[in-house]
Amino acid sequence: MKRFDVLGLGEPMVEFSQLPDSESGRSYLQGFGGDTSNAVIAAARQGARCGFVTALGQDPFGEALLALWAREGVDHSGVKRDPKAPTGIYFITHGPEGHTFTYCRAGSAASRMGPEELPEALLRQTAYLHVSGISQAISSQACDAVFRAMEIVREAGGKIAYDTNLRLKLWPEARARAVIHEATRKSDIALPGLEDAKALTGLIEPDAIADFYLKLGAEVVALKLGAEGALIATPDSRWRIPGFRVRVLDASGAGDCFDGAFLAELARGRSYLEAARYANAAAALSTTGYGAVEPIPKRQQVEAFLAEQRQ
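Just so you know, the residues in each chain are numbered from 1, in the order the chain's sequence is written. Note on the predicted model: pLDDT of at least 70 is required for a residue's local features to be given, and 80 or more for side-chain atom pairs to be given and counted; whole-chain, interface and lining totals, by contrast, use all residues. Excluded from the side-chain calculations are hydrogens and water; all other atoms, namely the structure's heavy atoms, are used.

Enquirer: Let's hear about the overall build of the protein: which residues, and what values?
Expert: Secondary structure elements are taken from DSSP: a helix is a run of H or I of four residues or more, a strand is a run of E of two residues or more, and numbering for both begins at the N terminus. Summing up its helical and strand segments, the protein has 11 helices and 13 strands in all. Two things to know: the radius of gyration comes from C-alpha atoms, and the globule rule equals 2.2 Å times the number of residues to the power 0.38. Relative to its length of 311 residues, the protein is compact, with a C-alpha radius of gyration of 18 Å against a globular reference of 19 Å. Reported as C-alpha extents along the three principal axes, the dimensions of the protein are approximately 50 × 50 × 40 Å. Exposed residues in this analysis have more than 50% of their type's maximum accessible area, buried residues have under 20%, and partly exposed residues fall in between, with area computed by a 1.4 Å probe over protein chains only. The buried share of the protein, reckoned over its 311 residues, is 57%. Within the protein, contacts between residues separated by at least 24 positions form 69% of all contacts whose residues are at least 6 apart in sequence. Residue burial considers only the protein chains on display, and all accessible areas are found by Shrake-Rupley using a 1.4 Å probe. A total accessible area of about 13200 Å² is found for the protein, and carbon and sulfur atoms account for 50% of it. The charge count treats Lys and Arg as positive and Asp and Glu as negative. His and the chain ends do not count. Charged side chains are reduced to one point each, which is NZ for Lys, CZ for Arg, CG for Asp and CD for Glu. Averaging the locations of the 34 positively and 38 negatively charged side chains of the protein gives two centres separated by 2 Å. Only heavy atoms matter for contacts: two residues are in contact if any of them lie within 4.5 Å across the pair.

Dropping the structure here:
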């Protein structure tokens, strides 16, 4: 048995979210973010054995992230500290057109972490490695680290889960498309969001997008459709999973929550269809609060919600 069900690799961040009732715009709630960290925390809250690999600055924000993972039961023995670089932070502001993200991550400790610094022994001990386009976009050395981590996990018999998570403010579109397509070719589970997939593939219809990623080599595609749910496709089958209707307050991090819950369920031996239904419910619940991490539900909340839906 592997030591971890899910191991994440990428850039965690400290979040400052503007409170919606703040007339002056000066009141912010401190939280946490970073797509792969969010997903790993979501998996841990569903009962999965999880760990995270990254680099943090030797600053209060890095200490706050270590404390977060300790509270969540996420192993952080694969986290290194960089005394010469900061931990990344970002701000969320809210306006008539929704929420806006402002990042302060250039030269962050995570972006300076290269393949030679990977904890190879830990990577060999995971059933699933979760990485993303953002994990690769933050720097060329981080991109190389992700590809090397994928090789290590694959050689050890683990599987790769990849979220395209396109952020064009971080890298040119042509490079993003080339790297993300290549990473998907090396992955077992593709976890694209619909809008990102449209931009990356030039396709519009969900079924055509699913076919595109299957042809790249993924054994399963979980295409996230936002409030409309998800499309799950394998070379032999596909299912359209409808979304759940909830009172949405903040959808940031919902896709990450889906990823983590989906992988946690697969690690429990659930089928792709069962895992997707569960992950849909978890992601819906995660939109009913503010911030990327705080509203992520625990297993008992998701199971209670699903039981209500069946009544």
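Enquirer: Summarise the packing of helix H9 (residues 254-267) against helix H10 (residues 272-286); cite the residues concerned and give the values.
Expert: Here an axis means a line fitted to C-alpha atoms, over the contact stretch when the element is a helix, while the angle between two N-to-C directions is reported on a 0 to 180 degree scale. Where H9 contacts H10, the two axes come as close as 8 Å, and the packing angle between them is 145°. Judged by the sense of rotation from one axis to the other, the crossing of H9 with H10 is right-handed. Contact with H9, carried on its side by Ala254, Cys257, Phe258, Ala261, Phe262, Glu265 and Leu266, involves Tyr272, Ala275, Ala276, Tyr278, Ala279, Asn280, Ala282, Ala283 and Ser286 of H10 and no other residues of that element. Residue polarity follows a fixed list, in which Ala, Val, Leu, Ile, Met, Phe, Trp, Tyr, Cys and Pro are nonpolar, Asp, Glu, Lys and Arg are charged, and the others, Gly among them, are polar. When its residues are assigned to classes, the contact of H9 with H10 shows 13 nonpolar, 2 polar and 1 charged. A clockwise turn of the near helix away from the far one marks a right-handed crossing, whereas an anticlockwise turn of less than a right angle marks a left-handed crossing.

Enquirer: An account of the environment of Phe212 is requested, with residue identities and associated values reported.
Expert: Turning to its location among the elements, Phe212 is positioned in helix H8 (residues 206-216). A C-alpha to C-alpha distance of 7.7 Å links Phe212 and Thr201, two positions 11 residues apart in sequence. Residues within four places of Phe212 in sequence aside, it is in contact with His181, Thr201 and Leu203.

Enquirer: For helix H5 (residues 140-155), give the residues involved together with the corresponding values.
Expert: Helix span, as expected, comes to 1.5 Å for every residue beyond the first. The terminal C-alpha atoms of H5 lie 23 Å apart, and with 16 residues this matches the ideal 22 Å at 1.5 Å per residue to within 8%. The first or second residue beyond H5 is Gly157, which carries a positive phi of 95°.

Enquirer: I'd like a description of the environment of Leu166, backed by residues and values.
Expert: Summarising the element assignment, Leu166 is placed in the loop between strand S9 (159-163) and helix H6 (173-185). Note: C-alpha distance between Leu166 and Thr234 (68 residues apart in sequence) is 23 Å. Not counting residues within four places of it along the chain, the set of residues in contact with Leu166 comprises Trp171, Ala176, Ile180, Asp196, Ala199 and Leu200.

Enquirer: So what about the sheet that holds strand S10 (residues 189-190)? Which residues, and what values?
Expert: One bridge is not enough; two strands pair if DSSP finds at least two bridges between them. Pairing within the open sheet is mixed, and its 9 strands lie in the order S5-S4-S1-S8-S9-S10-S11-S12-S13. Two strands close off the open sheet at either side, each with one partner strand: strand S5 (74-82) and strand S13 (238-241). For strand S11 (residues 220-224) and strand S12 (residues 230-233), the ladder comprises 4 bridges, and the chain directions are antiparallel. Counted as the bridge partner of Ala222 is Ile232 from S12. Strands strand S1 (4-9), strand S8 (126-132) and S9 of the sheet are contacted by H5, whose axis makes an angle of about 160° with S8.

Enquirer: I'd like a rundown of helix H11 (residues 299-310), residues and numbers included.
Expert: In this model, H11 (12 residues) spans 17 Å end to end at C-alpha, consistent with the 16 Å of a helix rising 1.5 Å per residue. The complete set of buried residues in H11 reads Arg299, Val302, Phe305 and Leu306. Taken around the axis of H11, the buried residues stretch over an arc of 130°, which confines them to a single face. Residues of H11 that are exposed and angled more than 90 degrees away from the buried face: Gln300 and Glu308. For H11, the secondary structure elements touched by its buried residues are helix H1 (35-45), H9 and H10. This arc is built from the directions going out from the helix axis to the C-beta atoms.

Enquirer: Let's hear about the nonpolar core: which residues, and what values?
Expert: Cys50, Trp69, Ile189, Phe258 and Phe262 are the most contacted members of the largest nonpolar core, which has 50 residues in total. Non-local contacts of Ile189, meaning those with residues more than four positions away in its chain, are made with Tyr128, Ile160, Ala161, Tyr162, Val220, Phe262, Leu263 and Leu266. Here the nonpolar core consists of buried residues drawn from Ala, Val, Leu, Ile, Met, Phe, Trp, Tyr and Cys, with membership extended through side-chain atoms lying within 4.5 Å. In this structure, Leu7, Ala85, Leu122 and Tyr162 belong to the second largest nonpolar core, which totals 45 residues.

Enquirer: Got a sec to walk through the packing of H10 against H11? Specific residues and values, please.
Expert: One can describe the packing of H10 onto H11 by two numbers: an axis separation of 10 Å at closest approach and a directional angle of 105°. Taken together, H10 and H11 sit at an angle that is classed as roughly perpendicular. From H10, Arg277, Tyr278, Ala281, Ala282 and Leu285 reach across to H11, where they touch Arg299, Gln301, Val302, Glu303, Phe305 and Leu306. Residues that form the contact of H10 with H11 fall into these classes: 7 nonpolar, 1 polar and 3 charged. For classification purposes, an angle smaller than 35 degrees is called roughly parallel, one larger than 145 roughly antiparallel, one from 65 to 115 roughly perpendicular, and anything else oblique.

Enquirer: Describe in detail the pairing of S1, supporting the description with residues and values.
Expert: Burial runs high along S1: 6 of the 6 residues are buried. Note: S1 against S8, 4 bridges, orientation parallel. Each residue of the ladder has a partner; that of Phe4, found in S8, is Thr126. Strand direction decides the pairing type here: S1 and strand S4 (residues 50-57), joined by 4 bridges, are parallel. For Gly8, the partnering residue across the bridge sits in S4 and is Phe52.

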